[in-house]
Amino acid sequence: STGAAGSHVVQFYENDRFLHGAIAAFFDAPLRDGEPMIMVARPQTFEAVAGRLASASGRPASEVASRITFVDVEDALREVMDGDAPDPARFEQCPPALAAEAQRAGQGHIRIYGGMVDVLCRAGNHLGAIGLEELWNGLFSGRDISVLCAYALSDFDDDVRANHFRAV
């Protein structure tokens, strides 16, 4: 996965094992280089990715986990959503606070994995997910931050949802 400054990468996946591998690949370089990382995900996703990174790097899982700023995806959604739609003003407060916190924890480029769009799609809120994607693009464009978002392919398996797939 690319992590160029200002990039916003979208990853489609078929199963959790593939997703965890993609997130671990996204976080591999910052773990090695001591750069800040933020993971907005479910606890089990965080644990699986930290375990993969620990195994690949030979570091203790507790050390790897302590290097990643973890935010529970459900808490993040409560912070930024107003009903079914993301609230731009609330969104503009939440990720920058996370980025500032991560920046204090490390130097350099910040990488963020955001699982909010995936949770919204799984709940059938594709329009809310697309709205969040647009906010991520606007907020971090041109900054020394890379964002990785992911979507389960199964959430786009009918004609109506296929149109949302193209929008992503």
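Residues numbered from 1 in each chain as written. Predicted model: local features only at pLDDT ≥ 70, side-chain atom pairs only at ≥ 80, totals over all residues. Heavy atoms only, no water.

A.B. asks: Just checking my understanding: could you explain the pairing of strand β1 (residues 8-13) for this structure?
C.D. replies: Every regular strand shows the same layout, with side chains that alternate between the two sheet faces. Residue alternation in β1 divides its side chains into a buried set, Val9, Gln11 and Tyr13, and an unburied set, His8, Val10 and Phe12. Here β1 pairs with strand β7 (residues 145-152) via 6 bridges, running parallel. Looking at β7, one finds that tyrosine 13 is bridged to alanine 152. (Buried < 20%, exposed > 50% of the residue type's maximum accessible area, 1.4 Å probe, protein only. Helix = DSSP H or I, 4+ residues; strand = E, 2+ residues; numbered from the N terminus. Pairing = 2+ DSSP bridges.)

A.B. asks: What is the right way to read the packing of aromatic side chains from this model?
C.D. replies: A ring pair, where both rings are aromatic, is described by two values, the distance of the centres and the angle of the planes. For the structure on display, the rule yields 4 aromatic pairs. Residues phenylalanine 12 and tyrosine 151 carry aromatic rings whose centres are separated by 5.6 Å and whose planes lie at 25° to one another, so their mutual orientation is stacked. Pair noted here: phenylalanine 12 is in strand β1 and tyrosine 151 is in strand β7, with a separation of 139 residues, a long-range link. Owing to a relative accessible area of 0%, tyrosine 151 belongs among the buried residues under this scheme. With a centroid separation of 5.2 Å and 85° between ring planes, the pair formed by phenylalanine 91 and tryptophan 136 is classed as edge-to-face. Here the residue phenylalanine 91 occupies a position in helix α5 (residues 88-105), and tryptophan 136 occupies one in helix α7 (residues 126-140), the gap between them amounting to 45 residues. With respect to class, phenylalanine 91 is no different from tryptophan 136; both count as buried. Geometry around phenylalanine 26 places arginine 111 over its ring, the cationic atom sitting 5.2 Å from the centre. (Phe/Tyr/Trp six-rings, centres within 6.5 Å; stacked < 30°, edge-to-face > 60°. Lys NZ or Arg CZ within 6 Å of the ring centre and 35° of its normal.)

A.B. asks: For this particular structure, what's the right way to read the sheet that holds β7?
C.D. replies: Two orientations exist for strands paired in a sheet by backbone hydrogen bonds: parallel and antiparallel. Strand order in this open sheet of 5 strands is β1-β7-β6-β2-β3, and the pairing throughout is parallel. Either end of the sheet is taken by a strand with one partner, and the two such strands are β1 and β3 (68-72). Averaged over all adjacent pairs, the angle separating strand axes in this sheet is 15°, with direction ignored. Contacting β1, β2 (37-41), β3, β6 (110-114) and β7, helix α1 (residues 16-33) crosses the sheet at an angle of about 165° to β6. (Axes fitted to C-alpha atoms, helices over the stretch in contact; angles between N-to-C directions. Contact = heavy atoms within 4.5 Å.)

A.B. asks: Would you mind showing me how to read the pattern of salt bridges here?
C.D. replies: When the charged atoms of two side chains with opposite charge come close together, those side chains can pair. Scanning all chains against the criterion turns up 5 salt bridges. Between aspartate 28 and arginine 32 there is a salt bridge, and its shortest N-O distance comes to 2.6 Å. Of the two residues, aspartate 28 and arginine 32 both sit in helix α1, 4 residues apart, roughly one turn of that helix. On the basis of relative accessible area, arginine 32 is assigned to the exposed category, the value being 52%. The salt bridge partner of arginine 122 is aspartate 118, with a shortest N-O separation of 3.6 Å. Of the two residues, arginine 122 and aspartate 118 are both situated in helix α6 (residues 116-122); the distance of 4 residues between them amounts to about one turn of the helix. Judged by relative accessible area, aspartate 118 falls into the buried class, the value being 4%. Each of Asp16, Asp118 and Arg122 takes part in salt bridges that share partners, so that together they form one network. (Salt bridge = Lys/Arg side-chain N within 4 Å of Asp/Glu carboxyl O.)

A.B. asks: It is not clear to me how the environment of leucine 132 should be interpreted in this structure. Could you clarify?
C.D. replies: Relative to the assigned elements, leucine 132 resides in helix α7. Setting aside residues up to four positions removed in sequence, leucine 132 forms contacts with Leu77, Val80, Met81, Pro86, Phe91, Met116, Val117 and Leu120.

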